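# Architecture at a glance
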Amino acid sequence: MTGGRHLVIVESPAKARTIGRYLGDEYIVQASVGHIRDIPVPRDLPTEMKKGPYGKFGVDVEGDFDPYYIVSPDKKKTVADLKKALKDADTLYLATDEDREGEAIAWHLLETLKPKKSLPVKRMVFHEITKDAILGALENTREIDTDLVDAQETRRILDRLVGFELSPVLWRKIKPSLSAGRVQSVATRLVVERERERMAFVAADYWDVTGTFGAETEQFTAKIATVDGSRVATGSDFADDGTLKPKASSATVLTAETTTALVEALTDAPATVANLESKPYTRRPAAPFTTSSLQQEASRKLRLGARQSMRVAQSLYENGYITYMRTDSVTLSGEAIKASRGQAAELYGAQYVPDKPRYYQNKSQAAQEAHEAIRPAGDRFRTPADVAGSLSGDEFRLYELIWKRTVASQMADAKGTTSTVELALEQSGRTATFRAAGTVITFRGFLAAYEEGRDASRYGSDEAAGSGDKRLPQMEEGQTLDTRELTPDGHSTTPPPRYTEASLVRALEDRGIGRPSTYASTVATVQDRGYVLRRGTALVPSWTAFAVVRLLEEHFGPFIDYDFTAQMEQQLDRMAQGELGRSEYLKNFYLSDGTDGPIGLKQMVDHLGDIDARAINSIAIGDGITLRVGRYGAYVERAARDEDGELIEGADPRRAPVSDDIAPDELTVEKAEEMLERAKDDGRVLGTDPESGHEIVAKDGRYGPYVTEVLPAPEETSGGKKVPKSKQPKPRTGSLLKSMDLATVTLEDALKLLSLPRVVGTTEDGTEITAQNGRYGPYMKKGTDSRSLETEEQIFSITLEEAEKIYAQPKTRGRAAAKPPLKELGTDPTSEKPIVIKDGRFGPYITDGATNVSLRSTEKVEEISEQIAIERLAEKRAKGPAKKKPAAKRAPAKKSTTAKKSTTAKSTTAKK
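Now for a look at the structure at hand. (Residues numbered from 1 in each chain as written. Predicted model: local features only at pLDDT ≥ 70, side-chain atom pairs only at ≥ 80, totals over all residues. Heavy atoms only, no water.)

Moving on: the overall build of the protein chain. Assigned secondary structure in the protein chain consists of 25 helices and 31 strands. Oriented by its inertia axes, the alpha-carbon framework of the protein chain measures out at about 105 × 95 × 70 Å. Across the 912 residues in the protein chain, those meeting the buried criterion constitute 48%. Across the protein chain, the fraction of contacts at a sequence separation of at least 24, relative to all contacts at a separation of at least 6, is 69%. Each charge class in the protein chain can be summarised by its mean position, and for the 132 positive and 138 negative side chains these summaries are 8 Å apart. (Helix = DSSP H or I, 4+ residues; strand = E, 2+ residues; numbered from the N terminus. Buried < 20%, exposed > 50% of the residue type's maximum accessible area, 1.4 Å probe, protein only. Contact = heavy atoms within 4.5 Å. Lys, Arg positive; Asp, Glu negative; His and termini not counted. Charge placed at Lys NZ, Arg CZ, Asp CG, Glu CD.)

Right, here's the structure in full:
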């Protein structure tokens, strides 16, 4: 299209820059920086709407479940800039991503910008950002697909209804600030159930024997398979309770004693080749990447979390290196197949390419989010060597992974031979057989380019029984081999492995829960909420997660059921295809009385009945010890007992805090008893404060050792009247200094700590200087001016004269010289200043000297690439400076953003 000015709106600044390079000067490409509006929380609704049908959720639950949208506060400047650009435009192109969320962003832009009816509005879609793809998309536009919009809106409304109905229950029965979500709660349940399995697990011991056998100069190893005619038990034969599974009840479990006796009996016994099999081996390449398989493989091979891998993939897509990265399709386009085959032949040889192209089929019939698998962009792929100069770090590694997987998917099968040998030994009245297997790859095929990773097995290497890519010597049946060594080896079964981010994504996908666009955010959310903690790559549930999952299982079963959640996703897929109406589905989901299906969410909440909060927050550890989830964290508790172990009637139970460092499956009875004993010793009375008459106690708390005073009960000081908690006096407390030890702290030490802050003196102008111990170490304070002290001892020893000398010096930030940057990342294209990552008071942050962006809690410095830093800085600039909310009264609703019904959406942008 030529002539005039055309406005193209995309989501991100990087995408805007890349597309802008392919379009002429008559095109203005601007970014919305994601969503521009959302359903507000009730407190942000206009006053006149808070008492109406929108008041509880921001959704009209009394009508057709129409959501009320407002422009997000941090997007008002973005919207103003877009409206300004639209005034001079002759055409509006909505070029957001080609999925449900992208379709919804396009619809929200249209509804908010309100272009003139005479202005052409076109939906521009593409699955890769190359010049050909962008120019082709300009010539093949369409209208907004309101079925996709309805599906995305319904997902958003469902999340709002579930979160706003269930979260308050968690606040009342467990602790404040918790949240429940439609998919996040199910993901949390998966992690908790795995930990329950580990807690119930009972290890079983078993032994095996590895034999070394040879003929002339060649030798190989084999594992024992049978003894005296009975199959030898391996790790997979044991159930989680430590007993043999029913199907393995006849297997022989070798012990240390029986194994030693067997080895002694069979030492130097000749080994006869009882059976020898050889068969062809064929291995086919894996399908091209989907969102899920990319996240899994990036985790296994590159050690990238789900959120990090998607952030890197997003950058690669927006800069034109790969196709769209949110897809559950394994299909490749014709041009991609041609490019893959051509590159494989060019780099590895014609023999590495099969005669016919390979076509892959999706496992899930619901796969429909995008048209193609994730692959390098263009009709001729850039090799890793081609992009080495423009990509680095995680971006290069992820591109290389995608390139290898795509090219390998169109390469020939790996070929080889698998041989299996069974050896028979007999001596001293004992018999045994040993088995070994080996695979020899004779033609590598696709393995020359790529081999898919695998998750660790809980059973270890003993299950492989010698399998692997190893060569066995030439043998024939009946041949006698030398038994050169028999080595006994003991094992213990291991509990099922914890989920990693990759295996959790796979579990969600296998159950049909979530979709490509939600996997990374779901895995990130359960960690951000504190339900799941990372230990290395393993995901460990918190005790709060146990309480939340138990409450949801017992009182909101359907909404945390795997099949029910998967069916919800299927209904959203039907909605995206125009087969199901939004209002009909939401009414049934929320208001159903259970006559024709599951009871609705509102009915379930309204008839919830009593919930025993104490029971929900309690988990039996054993021997009378119970773990409880309290408002301030988890703790173990056991009824008080005397020296003979008898219960003491009426005595307060003994308690001890539980550190987050202890995983649930590690909290044994023995460890809990240690905690209780330590807490008993820690809560020792140091003496009485001579001034107040209150006892001073030293304790070990959740955040470290401290001293505190014991105040009398409020009723004792108020004539027996009940005193409101807000008016009750708080005891003085003080953390121990680093030089102090809980076991040796004295009353004198404690009184010094409780006396802080210490008044050092008063300056000539009447300003008081105090010394105190803070979160970041010892410091002085003079009005609002703080200065750090070098040692803790200075808190009690520094004089006024010494303090004034410190204040007379120019103030320096921190107690030491300025630290060098943690990482240098190149130059920002906008500010043209160097980008670095620094260590700030509240953690590491990205900066170009003018704009600062803090790293998120789950991000690591080494994971931040130059491109990610540029993107984060651009997004921060686009938001503009943070503004304080004005105290003025809210404008009338009609002058802000009005409620938009789905019928309005369908009438303004009817589906073509």
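With that settled, consider helix 16 (residues 562–576). In this model, helix 16 (15 residues) spans 21 Å end to end at C-alpha, consistent with the 21 Å of a helix rising 1.5 Å per residue. For helix 16, the set of buried residues is Tyr562, Phe564, Thr565, Ala566, Met568, Glu569, Leu572, Asp573, Met575 and Ala576. Of the surrounding elements, those touching the buried residues of helix 16 are helix 3 (100–113), helix 5 (146–173), helix 6 (184–200) and helix 17 (582–591). The N-capping residue of helix 16, defined by a side-chain oxygen 3.1 Å from the backbone nitrogen of Asp563, is Asp561. Phi turns positive, to about 80°, at Gly578, one or two residues after helix 16. (Expected span 1.5 Å × (residues − 1). Polar contact = N/O pair within 3.5 Å; in protein donor to acceptor, adjacent residues only side chain to side chain.)

This next bit is on the sheet that holds strand 16 (residues 618–622). Spatially, four strands are ordered 16-17-18-19 in an open sheet, and the strand pairing comes out antiparallel. Each of the sheet's edge strands pairs with one partner strand only, and the pair in question is strand 16 and strand 19 (654–657). Here the strands of the sheet are splayed against their neighbours by 30° on average, with no regard to which way each runs. Two elements, strand 16 and strand 17 (residues 625–630), share four bridges in a ladder whose sense is antiparallel. What sits directly across from Ile619, in strand 17, is Leu627. (Pairing = 2+ DSSP bridges. Axes fitted to C-alpha atoms, helices over the stretch in contact; angles between N-to-C directions.)

What follows covers the sheet that holds strand 23 (residues 733–735). Across the sheet, which stays open at both edges, the four strands sit in the order 20-21-22-23 with antiparallel pairing between neighbours. The open sheet has two edge strands with one neighbour each: strand 20 (684–688) and strand 23. Mean inter-strand twist for the sheet, computed between neighbouring axes without regard to direction, equals 25°. Alignment of strand 21 (residues 695–701) against strand 22 (residues 704–710), held across seven bridges, turns out to be antiparallel. If you follow Glu695 over to strand 22, its bridge partner there is Val710.

In terms of nonpolar packing, the biggest core is built from 100 residues, with Phe556, Leu627 and Val636 touching the most fellow members. Looking at this core element by element, the count peaks at ten residues for helix 5. For Phe556, the residues in contact, after removing those within four places along its chain, are Leu166, Val169, Leu551, Met604, Val605 and Leu608. The next biggest cluster of nonpolar side chains, apart from the first, holds 70 residues, and it includes Ile134, Leu316, Val353 and Ala520. (Core = buried A, V, L, I, M, F, W, Y, C linked by side-chain atoms within 4.5 Å.)

Looking now at the pattern of salt bridges. Inspection of every chain in the model, using the stated rule, returns 51 salt bridges. Between Lys56 and Glu165 there is a salt bridge whose closest N-O contact spans 3.4 Å. One end of the pair, Lys56, is in the loop between strand 3 (37–38) and strand 4 (70–71); the other, Glu165, is in helix 5, and 109 residues separate them in sequence. Note on Lys56: relative accessible area 47%, which makes it partly exposed. Note that Arg182 and Asp159 form a salt bridge whose closest N and O atoms lie 2.9 Å from each other. Residue Arg182 is found in the loop between helix 5 and helix 6, and its partner Asp159 is found in helix 5; the two are separated by 23 residues along the sequence. Note on Arg182: relative accessible area 4%, which makes it buried. Judged by its relative accessible area of 29%, Asp159 is partly exposed. (Salt bridge = Lys/Arg side-chain N within 4 Å of Asp/Glu carboxyl O.)

Next up on the list: unusual backbone geometry. Looking along the chain, the bond that leaves Leu756 and enters Pro757 is cis, with omega of 0°. Located in the positive-phi region is Asp228, a residue other than glycine, with phi close to 50°. If you trace the backbone, Asp228 turns up in the loop between strand 8 (218–227) and strand 9 (230–231). The exposure class assigned to Asp228 is partly exposed, which follows from its relative accessible area of 41%.

Contact pair helix 8 (residues 291–302) / helix 9 (residues 306–318): the axes reach a minimum separation of 9 Å and the direction vectors enclose 115°. With respect to each other, helix 8 and helix 9 are oriented roughly perpendicular. In terms of crossing hand, the pair formed by helix 8 and helix 9 is right-handed. In contact with Thr291, Leu294, Gln295 and Ala298 of helix 8, helix 9 contributes Ala306, Ser309, Met310 and Ala313. (Parallel < 35°, antiparallel > 145°, perpendicular 65-115°, else oblique. Left-handed = near helix turned anticlockwise from the far one by under 90°.)

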